[in-house]
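Residue-level listing of the chains:
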Amino acid sequence: MWVVYPPGAAGDLLASIVNFHYGRTACYYFGVTNTGQIVFRPSDSKLTNLKYLTGNTLNLNQNFINDVNSAIGKKNVNYSLLDQVIFSNHACKDQQVSSILSFFPKAKIIRILPKDTLEQQIINWLSVQKNKAIINKFKTPATNNAIVQTEISNPRLLDISLGSIVNQQNFEKTYDSIINHLDLEYKLIRFDFVQHWLDCQHNEISPVLATI
């Protein structure tokens, strides 16, 4: 399964939650840094972002399969023994999502996209600031307009927003949708897991995250 998202959209936070539902995935969750960044290594060890994602194109081919199998093998596990393979990367544009759906006819995708200009601004800020020592002031957009960024409709694709994860009330509804989408039996994670991530965010962005 694939978790796809623009940089800064808490994709690894979501992928970590999904990962806890499977026993063997060749994924590793290490925690949250003091700058609020999730340290998560998906099944492919971020190989997709590093080698196969260029511009609007996601290059899925036999070399991709071979490299993913090699990445999994380096973790001393075998693909055939895994309960699930989890990809977590930035292949969130329509063209890239279409490539996933076509190349992997059984794959399911959860995609995070900003629902409005405020979320877009938050995601951009998080993307730029997560690895910087000097923190820029967050600038709230003058108007907050809804954003429609996709023309894809597919039963194997679940689109969610950043606010549907980091807002407690929205989180429970979104989690239900994720459980149904992935055919899982029950929830395992409490919102406390997300709250810990929120608590680790910089004071410049924390109050803004609380509003979405």
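Above this text sits the structure in question.
## Quick look at the overall build of the protein
Then, in step 1: The helix and strand tally for the protein stands at 9 helices and 8 strands.
Then, in step 2: What you see for the protein is a C-alpha radius of gyration of 17 Å, in line with the 17 Å of a compact globule of 212 residues.
Then, in step 3: Taken along its principal axes, the extent of the C-alpha atoms in the protein is 50 × 35 × 35 Å.
Then, in step 4: When burial is assessed residue by residue, the protein has 48% of its 212 residues classed as buried.
Then, in step 5: If you take every contact in the protein between residues at least 6 apart in sequence, the share linking residues at least 24 apart comes to 71%.
Then, in step 6: Accessible surface, the protein: about 10800 Å² in total, of which carbon and sulfur atoms supply 49%.
Then, in step 7: Here the protein holds 19 positive side-chain charges and 16 negative ones, and the gap between their average locations is 6 Å.

## Describing the packing of aromatic side chains
Then, in step 1: Across all of its chains, the model carries 14 aromatic pairs by this definition.
Then, in step 2: Residues Y52 and F64 carry aromatic rings whose centres are separated by 5.2 Å and whose planes lie at 90° to one another, so their mutual orientation is edge-to-face. Here the residue Y52 occupies a position in helix α2 (residues 47–52), and F64 occupies one in helix α3 (residues 62–73), the gap between them amounting to 12 residues. Comparing Y52 with F64, the two get one shared label, buried.

## Notes on the side chain of S43
Then, in step 1: Structurally, the position occupied by S43 is in the loop between β3 (38–41) and α2.
Then, in step 2: On the basis of relative accessible area, S43 is assigned to the buried category, the value being 0%.
Then, in step 3: Polar side-chain contacts of S43 include one of 2.5 Å to the backbone oxygen of T25.
Then, in step 4: Not counting chain neighbours up to four residues away, the residues in contact with S43 comprise T25, A26, C27, A71, I72, K75, Q84, V85 and I86.

## Remarks on helix α5 (residues 117–129)
Then, in step 1: Taking 1.5 Å per residue as the helical rise, α5 with its 13 residues ought to reach 18 Å, and the 18 Å between its terminal C-alpha atoms agrees with that figure.
Then, in step 2: Those residues of α5 that are buried lie in contact with α6 (163–166), α8 (191–199) and α9 (206–209).
Then, in step 3: Between a side-chain oxygen at the N-terminus of α5 and the backbone nitrogen of L118 the separation is 3.2 Å; the capping residue is D116.

## Comments concerning the packing of helix α1 (residues 11–19) against α8
Then, in step 1: The contact between α1 and α8 brings their axes to 11 Å, and the two run at 155°. In terms of their interaxial angle, α1 and α8 are classed as roughly antiparallel. The way α1 lies across α8 gives a crossing that is right-handed. Here L13, S16 and I17 of α1 lie close against α8, whose contacting residues are F193, V194 and W197.
Then, in step 2: Its residues assigned to classes, the contact of α1 with α8 comprises 5 nonpolar, 1 polar and no charged.

## Quick look at unusual backbone geometry
Then, in step 1: The phi dihedral of A26 falls on the positive side, at around 60°, and the residue is not glycine.
Then, in step 2: Here A26 lies in the loop between α1 and β2 (28–32).
Then, in step 3: Note on A26: relative accessible area 9%, which makes it buried.
Then, in step 4: Of note, N76 is a non-glycine position whose phi angle comes to about 60°, a positive value.

## Quick word on α8
Then, in step 1: Within the sequence span of α8, burial applies to F191, F193, V194, W197 and L198. With its buried residues spanning 155° around the axis, α8 presents them on a single face. Of the residues in α8, the exposed ones pointing more than 90 degrees away from the buried face are D192 and D199.

## Considering the sheet that holds strand β6 (residues 87–89)
Then, in step 1: The strand order across the open sheet built from 4 strands is β6-β1-β7-β8, with neighbouring strands paired in parallel fashion. Here the strands that pair on one side only, and so sit at the sheet edges, are β6 and β8 (157–160). Geometrically, the sheet is characterised by an average inter-axis angle of 15° between neighbouring strands, direction not taken into account.
Then, in step 2: Judged from the 4 bridges that link them, strand β7 (residues 109–112) and β8 form a sheet pairing that is parallel. Residue pairing for β8: I109 is matched across the bridge by L157.
Then, in step 3: In the packing of helix α4 (residues 94–103) onto the sheet, the strands contacted are β1 (2–4), β7 and β8, and the crossing angle to β7 comes to about 170°.
Then, in step 4: Across the sheet, helix α7 (residues 168–181) touches β7 and β8, and the angle it forms with β8 is around 170°.

Basis of the calculations
- Residues numbered from 1 in each chain as written.
- Predicted model: local features only at pLDDT ≥ 70, side-chain atom pairs only at ≥ 80, totals over all residues.
- Heavy atoms only, no water.
- Helix = DSSP H or I, 4+ residues; strand = E, 2+ residues; numbered from the N terminus.
- Rg over C-alpha atoms; globule rule 2.2 N^0.38 Å.
- Buried < 20%, exposed > 50% of the residue type's maximum accessible area, 1.4 Å probe, protein only.
- Contact = heavy atoms within 4.5 Å.
- Areas by Shrake-Rupley, 256 points an atom, 1.4 Å probe, with all protein chains shown as cover.
- Lys, Arg positive; Asp, Glu negative; His and termini not counted.
- Charge placed at Lys NZ, Arg CZ, Asp CG, Glu CD.
- Phe/Tyr/Trp six-rings, centres within 6.5 Å; stacked < 30°, edge-to-face > 60°.
- Polar contact = N/O pair within 3.5 Å; in protein donor to acceptor, adjacent residues only side chain to side chain.
- Expected span 1.5 Å × (residues − 1).
- Axes fitted to C-alpha atoms, helices over the stretch in contact; angles between N-to-C directions.
- Parallel < 35°, antiparallel > 145°, perpendicular 65-115°, else oblique.
- Left-handed = near helix turned anticlockwise from the far one by under 90°.
- Nonpolar A, V, L, I, M, F, W, Y, C, P; charged D, E, K, R; others polar.
- Arc of directions from axis to C-beta.
- Pairing = 2+ DSSP bridges.

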